[in-house]
Amino acid sequence: MLSLICLIISGGHPRGFLANKAYVFGEDVGFGGVFRCTTGLVDRFGKRRVFNTPLCEQGIVGFGIGLAAMGNRAIAEIQFADYIFPAFDQIVNEAAKFRYRSGNQFNCGGLTIRAPYGAVGHGGHYHSQSPEAFFCHVPGIKVVIPRSPRQAKGLLLSCIRDPNPVVFFEPKWLYRLAVEEVPEHDYMLPLSEAEVIREGSDITLVGWGAQLSIMEQASFEAEKDGISCELIDLRTLIPWDKEIVEASVKKTGRLLITHEAPVTAGFGAEISASIVERCFLRIEYPCNGPQCDITRNIFHLSTMHAQTTRNSNR
Amino acid sequence: MQQSMDFPGGRVALTSKMKFIFESSEQRIPCYRVLDDDGYPISSSGFEQVSREIAVKMYSGMVTLRNMDTIFYEAQRQGRISFYVTSFGEEAIGVASAAALSPDDIVLPQYREPGVLLWRGFTLQEFAHQCFGNKADYGKGRQMPIHYGSNKHNYFTISSPIATQLPQAVGVAYSLKMDKKDACVVTYMGDGSTSEGDFHASLNFAAVMEAPVVFICRNNGWAISTPVSEQFRSDGVVVKGQAYGIRSIRIDGNDALAVYTAIRVAREMAISEQRPILVEALTYRVGHHSTSDDSTKYRPIEEIEHWKTAQNPLARFRKWVQRNGWWSDEDESELHENVRKQLLHAIQVAEKTEKPQLSDMFTDVYDQVPSNLSEQERLLRETIKKHPQDYPSDVPI
């Protein structure tokens, strides 16, 4: 049994992978990182492959773009998603447009930016944000969020090997709570493919990251009332798998999307709009945007109450 | 009392004298120069002897660049291209620094260094294709004019945001370092760039990572309309290097031989000692910032004239080249005539070359076109079919 932390380690460095022009770097990455995600990496691959950077997010991402542009796998860590904003320009104006603006003469596809994100029961507004929607507005990057340790390993390996820059948000909640058997071998899970993790006929539930376990709980509860929920993990937010959600909603006629991020202009609105467009005649009930009060309460509550609220609402 | 003490970061002497470090030194950092105003070498400058071939190529490059700027600027004024940026007054920096490099050195430019590309063999036709944004433009017509890029010339594609290339240059340099290449990275910026966070990030990263990168700042006095006095209070840019632990030099950017000599040495140090170097080249932006700017609105015409004539980098270098017997008045007029002919031809060809096709709008966003973009392309094509009069007729569908 491996925690998400351990799997990120094995996901980051299956044997032979780092030897092939890969670099892992970021604030405090050398000693293992504040979430211990890179523990032991320096010992295995040396300080020139796995290293601390100065405390400067725009520097980390800019540096990573340059490294990736030379054909390397640059695996950059931003310590918390809450601190990714100084790097926003490098991600939005540089990484995302690097290939396009050069007419495919140059690319930084080897860049993967990892960042812990989301609510963890404490941390307030500088250690718990879910900023994924900011990045989903940007053509040229991919945004990927895993729901579990096993998913995280397979998706992260796909992100690292994908020839496009990827922002990979790791739900912090899973670092501590999720326990799952993770295969030791090298495996990849497809990007831009959502997964139906529970089939149902009455309503489609769509989410990503740590929301999936909450939605799963909710579908168990609903089942007691005779409501059959189809549960979909979006996994990749851009470019996202409209087809699988569309097919599900055409079947169920109802859609509920939840996310931890703020509701207004959240990514749930994007899904909702797209699905209404595609399934207008099939929808029996107006599409719910992200209406999950459970998580919104957690998002806005003080650190003391967040965990209890989450638990009591489950 | 203890004489010194170990702190994290090293041993520091202790003192009972409370003394603030002054914000500036008594004398400004001097500027390295090889040729005096009349183009005579200053004997103590220890400049690198330049062969006739290199010297003539450098001078021809500067003249070609000036002609290119003049004609493309006119083409913009005639409405044939949408935008242009000239290098007037700064020709020596791009051309002479490029001459001092190896073609394997990787360049991350800002936008006022076409002299580097010209030196490396990017043709006038290639420049013209980019400015006209036609299908022969390597950037597939996606960027504004002057955003050149050429993989085969180790010249990264220009992006408009200021200073973003600088931390990337450190990453590229780190890659060269790890691959043990006999090459360095050279990245360019203006004085305005040094106020951006990316400038500070990159210098700090470069020093800490011991990256072989040469930062060349063209301090031309103006960031659009903002003079350097409103940009920073330090003694220019050169002094910022030391704060980051970077070896630095200030040079006369209008002296082609000073630029050439200093960059040769900077490159050598960057590679053999695996360290970054900061070069501040003092110069003056004789032209407007771009074709969207009229600099006479914010600076005196006399000032522009002074730099255009008395401090002209071409005139100074020509004196030296000509005095060596390597150049004549006939060579000069022949070159001008040739270059102008080539440019007019290049513009005609570029203008007649087809625009990039519609599908180029959707490719290269990712390595492959994802389904959402294919869907958008399909919708766009349907709309064009319904309303062809609302779309440009010169773009092949």
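Residues numbered from 1 in each chain as written. Chains lettered and ligands numbered in written order. Predicted model: local features only at pLDDT ≥ 70, side-chain atom pairs only at ≥ 80, totals over all residues. Heavy atoms only, no water.

Undergrad: Is there a simple way to explain the overall build of chain B in this structure?
TA: From N to C terminus, chain B includes 12 helices and 9 strands. The C-alpha radius of gyration of chain B comes to 23 Å, within 12% of the 21 Å expected for a compact globule of 397 residues. The principal-axis extents of the C-alpha atoms in chain B amount to approximately 90 × 60 × 45 Å. Scored against the burial criterion, the 397 residues of chain B give a buried share of 55%. Within chain B, contacts between residues separated by at least 24 positions form 72% of all contacts whose residues are at least 6 apart in sequence. Accessible area of chain B: about 18100 Å², with a carbon and sulfur share of 52%. Taken as two groups, the 43 positive and 51 negative side-chain charges of chain B have centres that lie 1 Å from each other. (Helix = DSSP H or I, 4+ residues; strand = E, 2+ residues; numbered from the N terminus. Rg over C-alpha atoms; globule rule 2.2 N^0.38 Å. Buried < 20%, exposed > 50% of the residue type's maximum accessible area, 1.4 Å probe, protein only. Contact = heavy atoms within 4.5 Å. Areas by Shrake-Rupley, 256 points an atom, 1.4 Å probe, with all protein chains shown as cover. Lys, Arg positive; Asp, Glu negative; His and termini not counted. Charge placed at Lys NZ, Arg CZ, Asp CG, Glu CD.)

Undergrad: Can you walk me through the nonpolar core in this structure?
TA: Among soluble globular proteins, nonpolar side chains are generally buried collectively. Of all hydrophobic cores here, the largest spans 90 residues; its most connected members are Phe169(A), Leu234(A) and Ile271(A). When residues of this core are assigned to their parent elements, the largest contribution, 8 residues, is made by helix H5 (residues 165–178) of chain B. Apart from the residues within four sequence positions on either side, Phe169(A) is in contact with Ala81(A), Ile84(A), Ala115(A), Tyr117(A), Pro131(A), Glu132(A), Phe135(A), Val143(A), Val144(A), Ile145(A) and Pro146(A). Among the nonpolar cores identified, the runner-up in size contains 76 residues, and Ala92(B), Tyr188(B), Val214(B) and Trp326(B) belong to it. (Core = buried A, V, L, I, M, F, W, Y, C linked by side-chain atoms within 4.5 Å.)

Undergrad: For this particular structure, what's the right way to read the state of the cysteines?
TA: Every disulfide links exactly two cysteines, by a covalent bond between their sulfur atoms. Counting across every chain of the model gives 0 disulfides over all chains. The cysteine Cys159(A) is free of any disulfide, with Cys136(A) supplying the nearest cysteine sulfur at 13 Å. We classify Cys159(A) as buried; its relative accessible area is 0%. Summary of cysteine pairing: Cys184(B) is not part of a disulfide, and the nearest cysteine sulfur, belonging to Cys217(B), is at 17 Å. Judged by its relative accessible area of 0%, Cys184(B) is buried. (Disulfide = S-S within 2.5 Å.)

Undergrad: Can you walk me through the interface of chain A and chain B in this structure?
TA: Many analyses report the size of an interface as the accessible area lost when the parts associate. Each side of the interface is counted separately: chain A has 45 residues, and chain B has 45 residues. Buried area between chain A and chain B, summed over both chains or domains, comes out near 3700 Å², and the portion from carbon and sulfur atoms is 60%. Across the contact surface, chain A and chain B share 3 salt bridges. Ionic pairing is found between Arg278(A) and Glu375(B), a salt bridge with its closest N-O pair at 2.7 Å. Remark: the boundary between chain A and chain B carries 20 residue pairs in polar contact (both at pLDDT 80 or more). Looking at the side of chain A that touches chain B, the elements with two or more residues in it are helix H3 (57–69), helix H4 (88–95), helix H5 (98–101) and helix H11 (242–252) of chain A. A class-by-class count of the residues in the side of chain A that touches chain B yields 20 nonpolar, 14 polar and 11 charged. (Buried area = accessible area lost by both parts, 1.4 Å probe. Salt bridge = Lys/Arg side-chain N within 4 Å of Asp/Glu carboxyl O. Polar contact = N/O pair within 3.5 Å; in protein donor to acceptor, adjacent residues only side chain to side chain. Nonpolar A, V, L, I, M, F, W, Y, C, P; charged D, E, K, R; others polar.)

Undergrad: Sorry, what's going on with the packing of aromatic side chains here?
TA: The geometry of an aromatic ring pair comes down to the distance between the two centres and the angle between the two planes. Residues and elements named next belong to chain A. Taken as a whole and assessed by the stated rule, the structure comprises 31 aromatic pairs over all chains. When the centroid spacing of 6.0 Å and the interplanar angle of 90° are considered together, the rings of Phe51 and Phe63 count as edge-to-face. In this pair, Phe51 is assigned in strand S3 (residues 50–52) and Phe63 in helix H3, connecting sequence segments 12 residues apart. Each member of the pair, Phe51 as well as Phe63, is classed as buried. (Phe/Tyr/Trp six-rings, centres within 6.5 Å; stacked < 30°, edge-to-face > 60°.)

Undergrad: Quick question: what am I supposed to make of the pairing of strand S4 (residues 185–190) of chain B here?
TA: All names here are of chain B. For S4, the tally of buried residues reaches 6 of 6 residues, placing the bulk of the element in the interior. Residues Val185, Thr187 and Met189 point to one face of S4 and Val186, Tyr188 and Gly190 to the other, with burial holding for every one of them. Relative to S4, strand S3 (residues 106–108) runs parallel, the two being bridged by 3 bridges. Residue pairing for S4: Val107 is matched across the bridge by Val186. In this structure, S4 lies alongside strand S5 (residues 213–219), joined through 6 bridges in parallel fashion. Residue pairing across strands places Val186 opposite Val214, the latter belonging to S5. Once you follow S4 into helix H6 (residues 197–209) and on to S5, the crossover reads as right-handed. (Pairing = 2+ DSSP bridges. Right-handed = clockwise from strand over helix to strand, strands pointing away.)

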